[in-house]
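For reference, the chains in residue letters:
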Amino acid sequence: MQTPATPSPHDRPSPVVRPWMAASDVPVAGPDDVERVVLLSPAGEAVGTEAKAAVHRRTEDGGTPLHLAFSCHVYDEAGRFLLTRRALGKAAFPGVWTNGFCGHPGPGESPAEAVLRRAPQELGVEVSDVVEVLPDFRYRAADASGMEEHEVCPVFRARMHGDPAPERDEVAEWCWVEPAGLAAALAAVPRAFSPWLVEQWRQGAFDPR
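Only a predicted model underlies this, so the values are computations on that prediction, with no experimental measurement involved. (Residues numbered from 1 in each chain as written. Predicted model: local features only at pLDDT ≥ 70, side-chain atom pairs only at ≥ 80, totals over all residues. Heavy atoms only, no water.)

Side note on the UniProt feature "active site" (unreviewed entry) in the chain
Then, in step 1: The positions that UniProt labels "active site" (unreviewed entry) are, in the present scheme, C102 and E151. For this annotated set, covering 50 residues, all C-alpha atoms fall within 11.3 Å of each other, a compact arrangement in space. Residues from the annotated list that form part of the lining of the largest pocket: C102 and E151.
Then, in step 2: Relative to the helices and strands, C102 is located in strand β7 (residues 101-103).
Then, in step 3: In this structure, C102 is in contact with F70, S71, R118, E122 and W196, ignoring residues within four places of it in sequence.
Then, in step 4: Within the secondary structure, E151 is located in strand β10 (residues 148-152).
Then, in step 5: Of note is the side chain of E151, whose polar atom sits 3.2 Å from the side chain of H67. (UniProt positions renumbered as here; feature names shortened; annotations may be inferred. 1 Å grid on protein atoms, 1.4 Å probe; cavity = no way out; pocket = protein on both sides within 12 Å on 5 of 7 lines; lining within 4 Å. Helix = DSSP H or I, 4+ residues; strand = E, 2+ residues; numbered from the N terminus. Contact = heavy atoms within 4.5 Å. Polar contact = N/O pair within 3.5 Å; in protein donor to acceptor, adjacent residues only side chain to side chain.)

Observations concerning the pairing of strand β4 (residues 70-75)
For a regular strand, the rule is simple: side chains alternate between the two faces of the sheet.
Then, in step 1: Counting buried positions along β4 gives six out of six residues, so the element sits mostly inside the fold.
Then, in step 2: The side-chain alternation of β4 yields two buried faces, one formed by F70, C72 and V74 and the other by S71, H73 and Y75.
Then, in step 3: Bridge count between β4 and β7: three bridges; the pairing is antiparallel. Bridge pairing in β7 links F70 to G103.
Then, in step 4: Across five bridges, β4 lies against strand β11 (residues 155-159) in parallel orientation. Across the sheet, S71 pairs through a bridge with V155, a residue of β11. (Buried < 20%, exposed > 50% of the residue type's maximum accessible area, 1.4 Å probe, protein only. Pairing = 2+ DSSP bridges.)

Quick look at the environment of E178
Then, in step 1: By the element assignment, E178 lies in the loop between β12 (171-177) and α3 (179-188).
Then, in step 2: Residue E178 is classed as partly exposed on the basis of its relative accessible area, which comes to 48%.
Then, in step 3: Put simply, E178 and F81 are 97 residues apart on the chain and 6.1 Å apart in space, counted from C-alpha to C-alpha.

Observations concerning the layout of surface pockets
Then, in step 1: In this structure, the largest pocket encloses a volume near 480 Å³.
Then, in step 2: Along the walls of the largest pocket sit 24 residues, with K52, H56, R86, K90 and H104 positioned nearest its centre.
Then, in step 3: Of all the secondary structure elements, the ones that give two or more residues to the lining of the largest pocket are α1 (52-55), β5 (81-86), β7, α2 (111-123) and β10.
Then, in step 4: No other element matches the three residues that β7 contributes to the lining of the largest pocket.
Then, in step 5: Each residue belonging to the lining of the largest pocket can be placed in one class, and the counts come to nine nonpolar, seven polar and eight charged. (Points joined across faces, edges and corners; volume = space filled by probe spheres on them. Nonpolar A, V, L, I, M, F, W, Y, C, P; charged D, E, K, R; others polar.)

Notes on the nonpolar core
Within soluble globular proteins, side chains that are nonpolar tend to cluster in buried spots.
Then, in step 1: One finds F81, L182 and F206 to be the most contacted residues of the largest nonpolar core, which totals 25 residues.
Then, in step 2: Ignoring anything within four residues of it in the chain, the contact list for L182 reads F81, L83, V177, F193 and F206. (Core = buried A, V, L, I, M, F, W, Y, C linked by side-chain atoms within 4.5 Å.)

This is the structure we're talking about:
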């Protein structure tokens, strides 16, 4: 298993046109300094925004509304996969092992652009060679406390040169692993990992391209 040939690190990814690209047209309610996520209809169309801090809810409180996010699988120059453990203070799935990093595009921002913005904020290092591998991935899952994720979540691969220096409130631990070994672990003990990483693997996100 190996990572694909990719464009120059200096090339910025071109966003694929999807229904949520109309996010720049939806009204943004609330203070300008509040980070907001894009809410989506069941068809994936942008219908509004909500404060990031309030969008995730427990199933007993009605669950989390469908919204736009992204996942990024990060590889080093040797083709190893960056496995991270979510910080214990995360609202959803704290302490769970998962992919390099995830995030939420803001209104008018494509997921590919959000990948480039979010990498240094969460991992302390920029990424390059960003390639979309599962453009229409979506999932819904709740952790043991009932806190729910409910996202249209395009999946990307990216390259990192060197090691991450992650923010402690985002990442508790990290390690580089061989993709084949990780795939075997996902098959054997899926409960040890985030449900989105397991499903992304099942849908072929690790496959050579």
